[in-house]
Amino acid sequence: MEQASGKEARVAVSVAGVWTSPAHAREQDAPALASPADVRGWIGSMDFEQRLDLCEGNRLQTQLLLGERVLVAEEKDGWARIHAPSQATAKEPDGYPGWMPLAQLVFDGAAGEPERGGPAPIAVVTAESAWLHLGSAPLGAAADIAPSAPAASGGAGAAASEAAEPEAACEPQPWIELSFLTELPVLSERGDWAEVALPQGGGGWLRRSDIRLREPRETSALVGEGRHAGRVIVEQAKRYLGLPYLWGGISSFGYDCSGLAYAMHRAAGFVIPRDASDQALGGLPVEREELTPGDLLFFAYEEGKGRIHHVGIYAGGGRMIHSPRTGRCVELVKLDESYELYREHCASRRYWK
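Report follows, based on the coordinates.

Cut-off values and rules
Along each chain, the written sequence defines residue order, and numbers are assigned to residues from 1. Reporting of local features is limited, given that this is a predicted model, to residues whose pLDDT is at least 70; pairs of side-chain atoms are given and counted only at 80 or more, and all residues count toward the totals for whole chains, interfaces and linings. In computing side-chain properties, one takes all heavy atoms of the structure into account and sets aside hydrogens as well as water. Throughout, an axis means a line fitted to C-alpha atoms (over the contacting stretch in the case of helices), and angles, computed between N-to-C directions, take values from 0 to 180 degrees. Segments assigned H or I by DSSP are reported as helices when at least four residues long, segments assigned E as strands when at least two residues long, and all are numbered from the N terminus. When an angle is under 35 degrees it counts as roughly parallel; over 145 it counts as roughly antiparallel; between 65 and 115 it counts as roughly perpendicular; any other value is oblique. Take the far helix as your reference; a near helix turned counterclockwise from it by less than a right angle gives a left-handed crossing, and one turned clockwise gives a right-handed crossing. By definition in these notes, contact holds between two residues if any of their heavy atoms fall within 4.5 Å. Only Asp, Glu, Lys and Arg are considered charged in this grouping, and only Ala, Val, Leu, Ile, Met, Phe, Trp, Tyr, Cys and Pro are considered nonpolar; every other residue, Gly among them, is considered polar. Working definition: with a 1.4 Å probe on protein chains only, accessible area under 20% of the residue-type maximum means buried, over 50% means exposed, and in between means partly exposed. The term nonpolar core refers to a set of buried residues drawn from Ala, Val, Leu, Ile, Met, Phe, Trp, Tyr and Cys, joined through side-chain atoms within 4.5 Å. Lining residues are defined by having an atom within 4 Å of a point belonging to a cavity or pocket. Those points lie on a 1 Å grid over the protein atoms alone, cavities being sets where a 1.4 Å probe fits but cannot get out and pockets being open sets with protein on both sides within 12 Å along at least five of seven lines. Grid points are joined across faces, edges and corners, and a volume is the space filled by probe spheres set on the points. For salt bridges, the criterion is a side-chain nitrogen of Lys or Arg within 4 Å of an Asp or Glu carboxyl oxygen. By the criterion applied in these results, polar contacts are pairs of N or O atoms within 3.5 Å in which, for protein atoms, one can donate a hydrogen and the other can accept it, and in which residues neighboring in sequence qualify only through two side-chain atoms. In this scheme Phe, Tyr and Trp rings, the latter by its six-membered ring, pair at centre separations within 6.5 Å, and the angle between planes marks the pair as stacked below 30 degrees, edge-to-face above 60, and tilted otherwise. Note on geometry: a ring has a charge over it if NZ (lysine) or CZ (arginine) is within 6 Å of the ring centre and within 35 degrees of the ring normal.

Moving on, we get to the packing of helix 5 (residues 229–238) against helix 6 (residues 257–267). Axis separation between helix 5 and helix 6 bottoms out at 8 Å; the angle between their running directions is 125 degrees. Taken together, the axis directions place helix 5 and helix 6 in an arrangement best described as oblique. Taken as a pair, helix 5 and helix 6 cross one another with a handedness that is right-handed. Along the contact surface, helix 5 presents Ile-233, Gln-236 and Ala-237, while helix 6 presents Met-264, His-265 and Ala-267. Taken together, the residues of the contact of helix 5 with helix 6 sort by class into four nonpolar, two polar and no charged.

Most of helix 5 is tucked away, with seven of its 10 residues classed as buried. By the burial criterion, the buried members of helix 5 are Ala-229, Gly-230, Val-232, Ile-233, Val-234, Gln-236 and Ala-237. Where the residues of helix 5 are buried, they touch helix 6, strand 19 (308–316) and strand 20 (319–322).

For the rest of this paragraph, the subject is the environment of Trp-247. Position of Trp-247 among the secondary structure elements: in the loop between helix 5 and strand 15 (250–251). In this structure Trp-247 comes out as partly exposed when scored by relative accessible area, which is 28%. Put simply, Trp-247 and Gln-61 are 186 residues apart on the chain and 8.2 Å apart in space, counted from C-alpha to C-alpha. In contact with Trp-247, other than residues within four places in its own chain, are Leu-54, Cys-55, Leu-60 and Asp-256.

By size, the foremost hydrophobic cluster in this structure holds 66 residues, and its most contacted members are Trp-42, Ile-82, Met-264 and Ile-313. Counting residues per element, this core draws most heavily on helix 6, at seven residues. Look past the residues within four positions of Ile-82 in its chain and what remains in contact with it is Val-18, Leu-64, Val-70, Leu-71, Val-72, Tyr-96, Pro-97, Gly-98, Met-100 and Leu-105. Within the second largest apolar cluster, 15 residues are counted, among which are Leu-66, Val-125, Ala-130 and Val-186.

One can expect most non-glycine residues to show negative phi and most peptide bonds to be in trans. Omega for the peptide link from Ser-35 to Pro-36 comes to 5 degrees, which places this bond in the cis form. With respect to the helices, strands and loops of the structure, Pro-36 is situated in the loop between helix 1 (30–33) and helix 2 (39–45). A positive phi angle, near 50 degrees, is found at Glu-303, a position not held by glycine. Take Glu-303: it is sitting in helix 8 (residues 301–304). By relative accessible area, Glu-303 is classed as exposed at 56%.

Let us look at empty space enclosed by the protein. On inspection of all chains with the given rule, the structure shows two cavities of 30 Å³ or more. The volume enclosed by the largest cavity comes to roughly 60 Å³. As for the largest cavity, its lining consists of Leu-65, Glu-68, Gln-87, Ser-179, Phe-180, Leu-181, Ile-250, Ser-251, Tyr-255, Tyr-262, Ala-263 and Arg-266. Going through the elements one at a time, strand 15 and helix 6 are the ones with two or more residues in the lining of the largest cavity. Considering each element in turn, the lining of the largest cavity owes the most residues, three residues, to helix 6. In terms of residue class, the lining of the largest cavity is made up of seven nonpolar, three polar and two charged. In this model, the second largest cavity occupies a volume close to 40 Å³.

All right, on to the pattern of salt bridges then. Inspection of the entire model under this criterion finds 17 salt bridges. Residues Glu-75 and Lys-7 are paired through a salt bridge, measuring 2.8 Å at the closest nitrogen-oxygen approach. One end of the pair, Glu-75, is in strand 4 (residues 69–76); the other, Lys-7, is in strand 1 (residues 7–11), with 68 residues separating them in the sequence. Using a relative accessible area of 41% as the deciding quantity, one classes Glu-75 as partly exposed. Here Arg-26 makes a salt bridge to Asp-29, at a shortest N to O gap of 2.9 Å. Here Arg-26 and Asp-29 have matching classes, each one buried. Residues joined by salt bridges that share partners form a network here, namely Arg-26, Asp-29, Asp-53 and Arg-59.

Let us look at the side chain of Thr-292. Locating Thr-292 in the fold gives a position in the loop between strand 17 (284–285) and strand 18 (296–300). Looking at Thr-292, its side chain comes within polar contact range of the side chain of Arg-350, at 3.3 Å.

Right, let's get into the side chain of Ser-179. Locating Ser-179 in the fold gives a position in strand 10 (residues 173–179). On the accessibility criterion, Ser-179 (0% relative accessible area) is buried. Leave out the neighbours within four places in its chain, and Ser-179 touches Val-15, Leu-65, Val-125, Glu-128, Ser-251, Ser-252 and Phe-253.

Mapping Gly-249 onto the fold places it in the loop between helix 5 and strand 15. Separated by 189 residues in the primary sequence, Gly-249 and Leu-60 have C-alpha atoms spaced 8.5 Å apart. Every residue in contact with Gly-249, bar those within four places of it in the chain, is listed here: Gln-63, Gly-254, Tyr-255, Asp-256, Gly-259 and Arg-274.

Attention shifts here to the packing of aromatic side chains. Each aromatic ring pair is described using two quantities: the centre-to-centre distance and the angle formed by the ring planes. The final tally for this structure, using the stated rule, is four aromatic pairs. When the centroid spacing of 6.3 Å and the interplanar angle of 65 degrees are considered together, the rings of Trp-19 and Trp-42 count as edge-to-face. Of this pair, Trp-19 sits in strand 2 (residues 15–19) while Trp-42 sits in helix 2; the two residues are 23 residues apart in sequence, bridging distant segments of the chain. Each member of the pair, Trp-19 as well as Trp-42, carries the same accessibility label: buried. Summarising the aromatic geometry, the rings of Tyr-240 and Tyr-255 are spaced 5.6 Å apart at their centres and angled 75 degrees between planes, so their arrangement reads as edge-to-face. Highlighted residues: Tyr-240 in the loop between helix 5 and strand 15 and Tyr-255 in strand 16 (residues 254–255), separated in sequence by 15 residues. Per residue, the accessibility class of Tyr-240 equals that of Tyr-255, and both read buried. Connected via pairs of aromatic rings, a cluster forms that spans Phe-180, Tyr-240 and Tyr-255. Taking the ring centre of Phe-107 as reference, the NZ or CZ of Lys-7 above it sits at 4.5 Å. Taking NZ or CZ as reference, Arg-239 lies 5.1 Å from the ring centre of Phe-180, over its face.

Structure, rendered in structure tokens:
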């Protein structure tokens, strides 16, 4: 098993796919491979068979969000073989493995922090999605935090810097749509806006109504003192009822079953493994009669005796919220004998505290 070289990079697009190999990406995947990526357009362009082929063709492994760190093990023909440390897996000790276009990574000019005596607060996207804006500072609003170093040249940083010239007399303009739980360091706050550092260098703007700020030492922007973390997991998952399933999906543009469990735990401040088979090995075992909202439910072939193939989140009242499979949407189901996987329930685990 080859170890990652340790060369670090950061994701430079809103949502980046991690592919099995460069050869597994198809012509119709071009919008998802571009920089900037058009993930919503890519998903919307696929028919059922093309979506199903992401799974049956073993094409897409997982996804990463803007600013996430990766370790680059190899560069070849415009692609990078990477490991994602934020997504634990039994496949590799350095994090989830796969391939990404080099155009979707940045190796230098990592997102900076304001020079104000300590680590920058983090802007966490808590809206279902949020537009990142480029351009001049919002009109008529003084900075609450002094901006950090000047923008780096090139890429989005240059675009942000150029748009901020004195002759620019307009509000920031939408650039890319970010997923729920995207995290970027804060450079300044101006009224209803927060300026955030981009991996490419320079800054962009997010509406304060789309984000919450957390200090680097905090694990969640959504779980306050006294809140039941398990119920937060369920509350956040319910926001995505009706969202179509996406194999390999870990963004709010589409989740697979374990991606939904992973992301909603992350929203509550808990980092769990990426895949259902690994998730079933961690946390605390929970008996059926002791299930509490936020617990994970696992399902295996051969009426629970075979390989684990699905995970859902216990929602309370004998119900489960989950992202079922291609062609279906995130749904809330009753866990009784009428549920198609009822006899395949093999284990339950609790990660929240």
